[in-house]
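Inside the fold
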Amino acid sequence: MSLSDFIELPDVKARFKAEFLKPKLDLKQEILAAAPNGSDVRLVGTAFDYLLRFYIKYQNPHAQELEWIAEYALRHFNRRGQNDLFNQAKNVIDQARNNYQEFLTNGQFTNELLQSALLLGRLDAVMRAGYIHDGWSAINQQDVQDLRNLVSLLKPDLFKSSEKTILNPTWTEAAQLVRAADGDLILDDLLVDFKTVKELKLELRGFHQLMGYYTLSVIQRKQEEDAIELKRLGIFFSRFGMLYEFNVRDVVNFDTFPNFLDWFIARAQQYSGYTLIN
């Protein structure tokens, strides 16, 4: 169970839709990095999330990093006594760490780094879906080329931070209300979700995901005084090389939000069985 599952519950989805005004995204641009035939677009999307966070760390050495989701797979395999898969996953993660450290030195997206990102993406699937495919370590060169096309669109000044950068924010205490929640990036007062999709569209589910993260951030600030106050939300459309932003005040009604927050906490506690400590 996670925030993604929680916001899909019928009553939760209805309450989110009533509370938050989805912005009209009126953008027109041709896709710049279409997926090659044979590319696994879901896997590529997850792998690119890793690469983009690597790039942001390269641009912002002060960025705060948390444990990779892929690393949770080690504990998953260990608990199940799957020693062979544990050893394979450890080798993948160790090699990815080495390739990542090399990238932080020279900023070069080598084929080895792209391949490591794909394998990390496969390990992510273990934690999010609870399974791993046979032959999971095989590399599809169409996926590598897809990633190569995507990283070519990254611009050095797009994700520069003046104050604080958090990669994979998790809102520790608050996230336990929904069992788990991990965003992509906080850049100063901006929360960004990464979307490797073929259309410039803000889907309702994606918008609700952002608003769920925002709500958790507000709860976290009640638990942790120095937690970041988010004032902007955004989506990076990676196949277009475009960052779309909007202000929190444009989608949140601060008159009704306190009641929504009380409802969210109560409903999430019912969902997860976790009681928030005030």
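Use the structure listed above.
Residues numbered from 1 in each chain as written. Predicted model: local features only at pLDDT ≥ 70, side-chain atom pairs only at ≥ 80, totals over all residues. Heavy atoms only, no water.

Here we take up the overall build of the protein. When helices and strands are counted, the protein shows 10 helices and 5 strands. Compactness check: the protein gives a C-alpha radius of gyration of 19 Å against a globular reference of 19 Å for 278 residues, within 12% of the reference. With the C-alpha coordinates aligned to their principal axes, the bounding extent of the protein is approximately 50 × 50 × 35 Å. Taking all 278 residues of the protein together, 51% fall into the buried category. Counting contacts in the protein only where the partners sit at least 6 residues apart, residues at least 24 apart contribute 77% of the total. (Helix = DSSP H or I, 4+ residues; strand = E, 2+ residues; numbered from the N terminus. Rg over C-alpha atoms; globule rule 2.2 N^0.38 Å. Buried < 20%, exposed > 50% of the residue type's maximum accessible area, 1.4 Å probe, protein only. Contact = heavy atoms within 4.5 Å.)

Within the largest apolar cluster, 50 residues are counted, with the highest numbers of intra-cluster contacts made by Leu51, Leu52, Phe54, Phe109, Leu123, Leu147 and Phe236. If you list the elements that add at least two residues to this core, you get helix H3 (41-59), helix H4 (72-79), helix H5 (83-106), helix H6 (111-129), helix H7 (141-151), strand S2 (185-187) and strand S3 (190-195). Of the residues forming this core, the biggest block, 10 residues, is contributed by H3. Counting 47 residues, the second-largest nonpolar core is a separate cluster that includes Leu177, Ile186, Phe237 and Met242. (Core = buried A, V, L, I, M, F, W, Y, C linked by side-chain atoms within 4.5 Å.)

Counting buried positions over the 6 residues of S3 gives 5, a clear majority of the element. Bridge count for S2 against S3 is 3 bridges, and the pairing is antiparallel. Each residue of the ladder has a partner; that of leucine 187, found in S3, is leucine 190. Counting the residues that bridge the hairpin from S2 to S3 gives 2 residues, and of these aspartate 188 lies at a positive phi of roughly 60°. Of the strand pairs in this sheet, S3 and strand S4 (residues 232-237) are connected by 6 bridges, and their pairing is parallel. Pairing of leucine 191 across the sheet is with leucine 233, part of S4. Remark: the S3/helix H9 (residues 204-223)/S4 crossover connection has right-handed handedness. (Pairing = 2+ DSSP bridges. Right-handed = clockwise from strand over helix to strand, strands pointing away.)

Here we take up the pattern of salt bridges. If charged atoms from side chains of opposite charge come close, those side chains can pair. Under the counting rule described, the total for this entry stands at 14 salt bridges. The shortest N-O distance in the salt bridge between glutamate 71 and arginine 97 comes to 3.1 Å. Pair noted here: glutamate 71 is in the loop between H3 and H4 and arginine 97 is in helix H5, with a separation of 26 residues, a long-range link. Look at glutamate 71 and you get buried, because its relative accessible area is 14%. Its salt-bridge partner being aspartate 189, residue arginine 232 comes within 2.7 Å of it at the nearest N-O pair. Placement of the pair is arginine 232 in strand S4 and aspartate 189 in the loop between S2 and S3, with a sequence separation of 43 residues. Judged by relative accessible area, which is 24%, arginine 232 ranks as partly exposed. On the basis of relative accessibility, which here comes to 23%, the residue aspartate 189 falls in the partly exposed class. Residues participating in the shared-partner salt-bridge network are Glu8, Lys13 and Arg205. (Salt bridge = Lys/Arg side-chain N within 4 Å of Asp/Glu carboxyl O.)

Let us look at the packing of helix H2 (residues 10-19) against helix H10 (residues 257-272). With their axes 11 Å apart at the nearest point, H2 and H10 run at an angle of 165° to one another. Taken together, H2 and H10 sit at an angle that is classed as roughly antiparallel. In this structure, H2 crosses over H10, and the sense of that crossing is left-handed. Each of Asp11, Val12, Arg15, Phe16 and Glu19 in H2 lies in contact with H10, whose residues at this interface are Phe257, Asn259, Phe260, Trp263, Phe264 and Arg267. Considered class by class, the residues forming the contact of H2 with H10 number 6 nonpolar, 1 polar and 4 charged. (Axes fitted to C-alpha atoms, helices over the stretch in contact; angles between N-to-C directions. Parallel < 35°, antiparallel > 145°, perpendicular 65-115°, else oblique. Left-handed = near helix turned anticlockwise from the far one by under 90°. Nonpolar A, V, L, I, M, F, W, Y, C, P; charged D, E, K, R; others polar.)

Before going further, it helps to examine H4. Among all positions of H4, only Ala73, Leu74, His76 and Phe77 are buried. What you see down the axis of H4 is that its buried residues fit within an arc of 160°, all on one side. For H4, the exposed residues lying more than 90 degrees away from the buried face are Asn78 and Arg79. (Arc of directions from axis to C-beta.)

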